[in-house]
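Geometric and topological summary
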Amino acid sequence: MIVDCHTHVWKRAHWTEEAQQDALRVIRDPCLLETTAEQHWQAMQAVDKAIVFGFSARHTGLVVPNDFVADYVSRHPEKLIGFVAVDPHEPGYLDELRRGIEDLKFQGVKLAPIYQNYHVMDERMLPVYDYCQKNGLPILIHQGTTFFAKAPLKYALPVQLEEVALHYPGLVMVIAHMGHPWIEETVVLIRKQPNFYADVSALYYRPWQFYNALMSAVEYGAAHKLLFGSDYPFTQPGVSADAVRNANRITGSSGLPRIPSDVLDGIVERNTLGLLNLS
Ligand SMILES: [Zn+2]
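Residues numbered from 1 in each chain as written. Predicted model: local features only at pLDDT ≥ 70, side-chain atom pairs only at ≥ 80, totals over all residues.

Looking at the environment of Thr-145
What counts, and what does not: Secondary structure is summarised from DSSP: a helix means a run of H or I of at least four residues, a strand means a run of E of at least two, and numbering begins at the N terminus for each. A residue pair is marked as a contact if its C-beta atoms, positioned from the backbone, fall within 7 Å.
Position of Thr-145 relative to the elements: it lies in the loop between β7 (139-141) and α7 (161-167). Separated by 49 residues in sequence, Thr-145 and Pro-194 place their C-alpha atoms 24 Å apart. Contact partners of Thr-145, with chain neighbours within four places excluded, come to Leu-153, Ala-156, His-180 and Pro-181.

Written out as structure tokens, the structure reads:
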């Protein structure tokens, strides 16, 4: 079974004008600012299950309502799994968390501190971790860099998550994009924290970094903690899966060590639902 653990849906109207300009400065393709349910569904034909989430980051100007995501997920409950986006700057964010899980039937939580402008140990976040730990809810967290000018890098370091792990040892957490560019911080963190994982989404288009990221996980004995994800719409899941399987291509005839093919297949076919307590 192939599970894409990292996909987005959004409309252009969910981005402020400033956020659109900021995004287009780097990603250039305006089509990426709007992904209809139909386009998402089409792309997900390449995988067996997909985790879908909104976004709640008023600080950077991207707010995708949880109801918008829930409406789409409810149309394909056999395949799609929704995660609720929570921003501690929003009034009533804890009520929104509970509403997402209890009423909208989301099965996990999406956080993005660099976009949302807080340190992961901000005291407003502690009840969120507590709720997730108590209820067995996984958190997918964007702890790594981004292109938004306003997003503070000081809140983006994966190593900051160690304190969360030590306070909430039962909390299951997935670090998006292997925490790029701080990939080795992420690798050593997921190696030592039993309930921490990382997804490999949106990395393959930097093939040298991608090869080194996967090799680093192999050398530290942490490759079994890597989950497959695409970061759709930024990449297509089918293309991403092929890219993982072909991650050694960059080595050519250089004599560089090759990542074992069973490791690469293992990432694509990871038992993500079991590891994250998802049904
Ligand atoms: Zn993403």
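Here's the deal with the pairing of strand β5 (residues 80-85)
The line we're drawing: Any residue surrounded by 20 or more other C-beta atoms within 10 Å of its C-beta is treated as buried, while 12 or fewer makes it exposed and the intermediate range makes it partly exposed; C-beta atoms here are placed from the backbone. Strands are labelled as partners when DSSP assigns at least two bridges between them.
With 6 of 6 residues buried, β5 is to be regarded as a mostly interior element. Residues Leu-80, Gly-82 and Val-84 line one face of β5 and the alternating positions Ile-81, Phe-83 and Ala-85 line the opposite face, and both faces are buried. Examined bridge by bridge, strand β2 (residues 49-53) and β5 share 4 bridges and lie parallel to one another. Residue pairing in the sheet places Ala-50 in a bridge with Leu-80 of β5. As paired strands, β5 and strand β6 (residues 108-111) are joined by 3 bridges and run parallel to one another. Its bridge partner lying in β6, Phe-83 is registered against Gly-108.

Considering helix α8 (residues 183-192)
By the burial criterion, the buried members of α8 are Ile-183, Glu-185, Thr-186, Val-187, Leu-189 and Ile-190. Buried residues along α8 sit in contact with α7, β8 (173-175), β9 (196-199) and α9 (207-219).

So, unusual backbone geometry
With omega at 0°, the peptide bond leading from His-180 into Pro-181 counts as cis. With respect to the helices and strands, the residue Pro-181 is situated in the loop between β8 and α8. With an omega of 15°, the peptide bond between Tyr-232 and Pro-233 qualifies as cis. The phi angle at Ala-202 is positive, at roughly 55°, despite the residue not being glycine. Its place among the elements puts Ala-202 in the loop between β9 and α9.

Some points on the nonpolar core
Rules: Nonpolar core, as used here: buried Ala, Val, Leu, Ile, Met, Phe, Trp, Tyr and Cys residues forming one set through C-beta atoms within 7 Å.
The biggest cluster of nonpolar side chains holds 86 residues, and the ones touching the most others in it are Val-109, Met-173, Val-174, Ile-175, Phe-228 and Val-244. Sequence-distant contacts of Val-244, that is, excluding residues within four places in its chain, are made with Val-200, Tyr-204, Phe-228, Leu-264, Ile-267 and Val-268.

Topic: the packing of α8 against α9
Stated precisely, the cut-off is as follows: Each axis is a line fitted through C-alpha atoms, taken for helices only over the stretch in contact, and angles between the N-to-C directions span 0 to 180 degrees. Note on terminology: angles under 35 degrees are roughly parallel, angles over 145 are roughly antiparallel, angles of 65 to 115 are roughly perpendicular, and the others are oblique. Note on convention: the crossing is left-handed when the near helix lies turned anticlockwise from the far helix by less than a right angle, right-handed when the turn is clockwise.
At a closest axis distance of 10 Å, the pairing of α8 and α9 adopts a crossing angle of 25°. Classified by the angle their axes make, α8 and α9 are roughly parallel. Between α8 and α9 lies a crossing of right-handed hand. Counted together, Ile-183, Glu-184 and Val-187 of α8 and Ala-213, Ser-216 and Ala-217 of α9 form the full contact between these two elements.

Re α9
Turn by turn, an α-helix covers 3.6 residues, leaving residues three or four places apart pointing in a common direction. Selection rule: What a helix should span is 1.5 Å times the count of its residues minus one. Of all possible arcs, the one meant is that of the directions from the helix axis to the C-beta atoms.
Taking 1.5 Å of rise per residue, the 13 residues of α9 would be expected to cover 18 Å, and the 18 Å separating its terminal C-alpha atoms lies within 8% of that figure. Within the sequence span of α9, burial applies to Phe-210, Tyr-211, Ala-213, Leu-214 and Ala-217. Across the axial projection of α9, the buried residues extend over an arc of 160°, all falling on one side. Relative to its buried face, α9 has exposed residues pointing more than 90 degrees away, namely Trp-208 and Glu-219. Buried residues belonging to α9 abut α8 and β10 (226-227). Positive backbone phi, approximately 70°, marks Gly-221, located one or two places after α9.

So, the packing of helix α10 (residues 237-245) against helix α11 (residues 261-268)
Taken N-terminus to C-terminus, the directions of α10 and α11 make an angle of 160°; their axes are 8 Å apart at the nearest point. By the criterion of interaxial angle, the relationship of α10 to α11 is roughly antiparallel. α11 is crossed by α10, and the crossing has right-handed handedness. Between α10, through Ala-241, Val-244 and Arg-245, and α11, the contact on the second element is made entirely by Leu-264, Asp-265, Ile-267 and Val-268.

Topic: the pairing of β9
Heads up, the condition is: When the strands point away from the viewer, a crossover counts as right-handed if the route from the first strand across the helix to the second turns clockwise.
Burial along β9 is two-sided: the residues Phe-196 and Ala-198 and Tyr-197 and Asp-199 are all buried. As defined by bridge partners, β8 adjoins β9 across 3 bridges and the pair is classed as parallel. Its bridge partner being in β9, Val-174 is matched across the sheet by Tyr-197. Crossover handedness for the path β8 to α8 to β9: right-handed. When β9 meets β10, the two strands line up parallel, connected through 2 bridges. Residue pairing across strands places Ala-198 opposite Leu-226, the latter belonging to β10. In this view, the connection linking β9 to its parallel neighbour β10 by way of α9 has right-handed handedness.

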